[in-house]
Amino acid sequence: MFGDGGRLVALFRNGWGASAVDAFSTALVMGNWDVVEKILDYIPKIDFNTTTTEVSLFETTIRYLGGLVSGKA
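Here's a quick rundown of the structure.

Analysis parameters
Residues numbered from 1 in each chain as written. Predicted model: local features only at pLDDT ≥ 70, side-chain atom pairs only at ≥ 80, totals over all residues. Heavy atoms only, no water. Salt bridge = Lys/Arg side-chain N within 4 Å of Asp/Glu carboxyl O. Helix = DSSP H or I, 4+ residues; strand = E, 2+ residues; numbered from the N terminus. Buried < 20%, exposed > 50% of the residue type's maximum accessible area, 1.4 Å probe, protein only. Phe/Tyr/Trp six-rings, centres within 6.5 Å; stacked < 30°, edge-to-face > 60°.

1. Re the pattern of salt bridges
Then, number 1: Evaluation of the coordinates by the stated rule reveals 2 salt bridges.
Then, number 2: The shortest N-O distance in the salt bridge between Glu59 and Arg63 comes to 3.2 Å. Residue Glu59 and its partner Arg63 are located together in helix α3 (residues 57-72), separated by 4 residues, close to a single helical turn.
Then, number 3: Arg63 gets classed as partly exposed once you look at its relative accessible area, which sits at 21%.

Rendered as structure tokens:
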């Protein structure tokens, strides 16, 4: 999930970084503020209009919406 220099990079299937969004609420609960800040910097850069693969509606909903909503709660 992190590249050179601790930079968050999208190394995932569609390039949207689902694992980063999934990890958001976990990082909050664990108080890992460095990771929280990196994920918060990364989330607005996700381009949901561009993908190199087909996207599962269920996976997109549960991982992205679920991850963001649980981070808000």
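2. Quick notes on the packing of aromatic side chains
Then, number 1: Counted under the stated rule, the structure contains 3 aromatic pairs.
Then, number 2: Geometrically, the ring pair formed by Trp16 and Phe48 is edge-to-face, given 4.9 Å between the ring centres and 70° between the ring planes. In this pair, Trp16 sits in the segment before α1 (18-30) while Phe48 sits in the loop between α2 (33-42) and α3, placing the two residues 32 residues apart along the sequence.
Then, number 3: On the accessibility criterion, Phe48 (42% relative accessible area) is partly exposed.
Then, number 4: Ring plane angle 90° and centroid distance 5.4 Å describe the contact between Phe48 and Tyr64, whose orientation is recorded as edge-to-face. Separated by 16 residues along the polypeptide, Phe48 in the loop between α2 and α3 and Tyr64 in helix α3 bring together distant segments of the chain.
Then, number 5: Using a relative accessible area of 5% as the deciding quantity, one classes Tyr64 as buried.

Read these as spatial facts, not as claims about activity.
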